[in-house]
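# Breakdown of the fold
Each chain, letter by letter, is given below.
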Amino acid sequence: MPKRNLMALEQTLAILKPDCVKKELIGEVLKRIQDAGFSVNALKMTRLSKQTACGFYAVHEGKPFFELLTDFMSSGSCVPIVLEKENAVADFRKLIGATNPAEAEEGTIRKAFADSPPHNIVHGSDSAENAKKEITFFFTQQELLINQG
Ligand code: CMP
């Protein structure tokens, strides 16, 4: 009898950040993501206000880079994406590499394309629990259902 794969599908939130959009890297980064086995479940282009960026990164409030980060994230368009795959959260963080591109491993997206924090091309949720919160931060229930029909 063939072995059944019992690993459950998991979702994570990616954001192609304003530096990714400005460098015209949306297509290239998305191709790397899809080539790594992630399915795109929902995607949009949006621009965060300073206030919305502060809300999304509220967990970092008070840190020395908070102003720089939220200025950067509200400086241009970004592309939030709901990705799905087995072990999506951990696998996506492996694919993108360390927060600081200088420390990112060879072959990762940040190593290939990013400059220095906060300009690190792409965001990835750090846990399944946060992924759920981040997904609903950007996408309505209706938008999330579109790909299930
Ligand atoms: P991200 O994965 O979106 O999570 C938090 C973000 O804060 C991170 O990517 C970087 O963009 C930014 N960040 C984290 N550490 C620093 C730092 N030391 N200096 C500037 N920006 C940072």
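Below: a short report on this structure. None of the values given here were measured: they were computed from a predicted structure.

The next thing to look at is the packing of aromatic side chains. Following the criterion strictly, the structure yields five aromatic pairs and no others. Considering the side-chain rings of F56 and Y57, the 4.9 Å spacing of their centres and the 90° angle between planes classify their relative orientation as edge-to-face. Per residue, the accessibility class of F56 equals that of Y57, and both read buried. Aromatic ring contacts, followed pair by pair, group F56, Y57, F137 and F138 into a single cluster. Geometry around F139 places K44 over its ring, the cationic atom sitting 4.9 Å from the centre. Over the face of the ring belonging to F38 we find K85, whose NZ or CZ atom lies 5.4 Å from the ring centre.

Here we come to helix α4 (residues 66–73). For α4, the set of buried residues is F66, L69, T70, F72 and M73. Buried positions in α4, seen along its axis, are confined to an arc of 160° and lie on one side of it. Turning to α4, the residues buried within the fold contact β1 (9–16), α1 (18–22) and α3 (50–56).

Time to look at the layout of surface pockets. Gaps between atoms show up when a probe of the same size as a water molecule is rolled over them. A volume near 660 Å³ is recorded for the largest pocket. For the largest pocket, the lining is made up of 26 residues, of which Y57, V59, H60, H123 and D126 are closest to its centre. Residue contributions to the lining of the largest pocket peak at four residues, all from helix α7 (residues 128–138). A breakdown of the residues in the lining of the largest pocket according to their chemical character gives eleven nonpolar, eight polar and seven charged. Taken as a whole, the second largest pocket encloses approximately 180 Å³ of empty space. Lining the second largest pocket, in full, are E10, Q11, N41, V82, A128, K132, I135, T136, L144 and Q148. Mapped onto the lining of the second largest pocket, the elements with two or more residues apiece are β1 and α7. When residues of the lining of the second largest pocket are assigned to their parent elements, the largest contribution, four residues, is made by α7. Of the residues assigned to the lining of the second largest pocket, the class counts are four nonpolar, four polar and two charged.

The rules we used
- Position labels on residues start from 1 in each chain and follow its written sequence.
- Totals for whole chains, interfaces and linings use every residue, but because this is a predicted model, local features are given only for residues with pLDDT of at least 70 and side-chain atom pairs only at 80 or more, for both listing and counting.
- Hydrogen atoms and water are omitted, and side-chain values are computed over all heavy atoms in the structure.
- Side-chain rings of Phe, Tyr and Trp, where Trp is taken by its six-membered ring, are said to pair if the distance between their centres is within 6.5 Å; with planes under 30 degrees apart they count as stacked, over 60 as edge-to-face, and otherwise as tilted.
- The classification of residues rests on relative accessible area computed with a 1.4 Å probe and restricted to protein chains. Under 20% of the type maximum is buried, over 50% is exposed, and intermediate values are partly exposed.
- Charge-over-ring contacts are defined here by two conditions on Lys NZ or Arg CZ: a distance within 6 Å of the ring centre and an angle within 35 degrees of the ring normal.
- A run of H or I in DSSP counts as a helix once it spans at least four residues, and a run of E counts as a strand once it spans at least two, with each numbered from the N terminus.
- Summarising the geometry, the arc corresponds to the directions from the helix axis toward the C-beta atoms.
- Contacts are residue-level and defined by heavy atoms, with any inter-residue pair within 4.5 Å sufficient.
- Only protein atoms enter the calculation, which uses a 1 Å grid: trapped sets of points that fit a 1.4 Å probe without letting it out are cavities, open sets showing protein on both sides within 12 Å along at least five of seven lines are pockets, and any residue with an atom within 4 Å of a point is a lining residue.
- Grid points are joined across faces, edges and corners, and a volume is the space filled by probe spheres set on the points.
- Polar here means any residue outside two lists: the nonpolar Ala, Val, Leu, Ile, Met, Phe, Trp, Tyr, Cys and Pro, and the charged Asp, Glu, Lys and Arg; Gly therefore counts as polar.

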